[in-house]
Amino acid sequence: MIVLYVDDDSDDREIFGAAINTIIPGVRYNEFEAGQKIIEFLAKKKEKPDYIFIDINMPKMNGYECAQEILSVYGVECSRIVMYSTTFSPPDIARFNKMGVHMLQKANTFDELLGNLRKLLAGTQSSSTASIAQGG
């Protein structure tokens, strides 16, 4: 499995990486500090990632713009895009549902993050992104 994560916060990247590696030992995991960095990475790679997690609130290219760019260049078949944020406003939920991307709310604890990721990665979460955005 190949998982990519983009977030400008180094602490969030460290915690997320630890969670992914706990759940899927041996996962091929790459993290990026900016939307443009992941776009450049995807342009060079031939293999499509299974999941791309994108923080919404980033400088220069925010998560929405990053997801739009990925979808416009690589199409929806490239991977499962998951917007990953502390909160989702009703307009965010509507926008991301329309784009066909999923949402995952940032957890308050590491154990909660593990549980949320396990559900998402196992495919047990319903296709409704609103429920996961509200904390699952």
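Read on for an overview of the structure. (Residues numbered from 1 in each chain as written. Predicted model: local features only at pLDDT ≥ 70, side-chain atom pairs only at ≥ 80, totals over all residues. Heavy atoms only, no water.)

### Quick notes on helix 2 (residues 35-44)
Next up, step 1: Taken as a whole, helix 2 has its buried residues at Gly35, Ile38, Ile39 and Leu42. Projected down its long axis, helix 2 carries its buried residues within an arc of 105 degrees, all on one side. (Buried < 20%, exposed > 50% of the residue type's maximum accessible area, 1.4 Å probe, protein only. Helix = DSSP H or I, 4+ residues; strand = E, 2+ residues; numbered from the N terminus. Arc of directions from axis to C-beta.)

### A few points about the packing of aromatic side chains
Next up, step 1: Evaluated as defined, the whole model comprises nine aromatic pairs.
Next up, step 2: For the pair Tyr5 and Phe16, a centre-to-centre distance of 4.2 Å together with 25 degrees between the ring planes defines the contact as stacked. Linking Tyr5 in strand 1 (residues 2-6) with Phe16 in helix 1 (residues 10-23), this pair joins segments that are 11 residues apart in sequence. Take Tyr5 and Phe16: they sit in the same class, and that class is buried.
Next up, step 3: In textbook terms, an aromatic cluster arises when at least three aromatic residues are bridged by ring pairs, as seen for Tyr5, Phe16, Tyr29, Tyr51, Phe53 and Tyr84.
Next up, step 4: The aromatic ring of Tyr64 is capped on one face by Arg95, whose charged end is 4.1 Å from the ring centroid. (Phe/Tyr/Trp six-rings, centres within 6.5 Å; stacked < 30°, edge-to-face > 60°. Lys NZ or Arg CZ within 6 Å of the ring centre and 35° of its normal.)

### Topic: the packing of helix 2 against helix 3 (residues 63-74)
When two helices pack together, their arrangement is given by the angle between the helix axes and the distance between those axes.
Next up, step 1: Relative orientation of the contacting elements helix 2 and helix 3 amounts to 15 degrees, with a least axis distance of 10 Å. Here helix 2 is positioned roughly parallel relative to helix 3, judged by the angle of their axes. Helix 2 and helix 3 meet at a crossing whose hand is right-handed. Facing Gly35, Ile38, Ile39, Leu42 and Ala43 of helix 2, the residues of helix 3 in contact are Cys66, Glu69, Ile70 and Tyr74.
Next up, step 2: For the contact of helix 2 with helix 3, the residue count by class is seven nonpolar, one polar and one charged. (Axes fitted to C-alpha atoms, helices over the stretch in contact; angles between N-to-C directions. Parallel < 35°, antiparallel > 145°, perpendicular 65-115°, else oblique. Left-handed = near helix turned anticlockwise from the far one by under 90°. Contact = heavy atoms within 4.5 Å. Nonpolar A, V, L, I, M, F, W, Y, C, P; charged D, E, K, R; others polar.)

Scope: geometric values only; no functional claims are made or implied.
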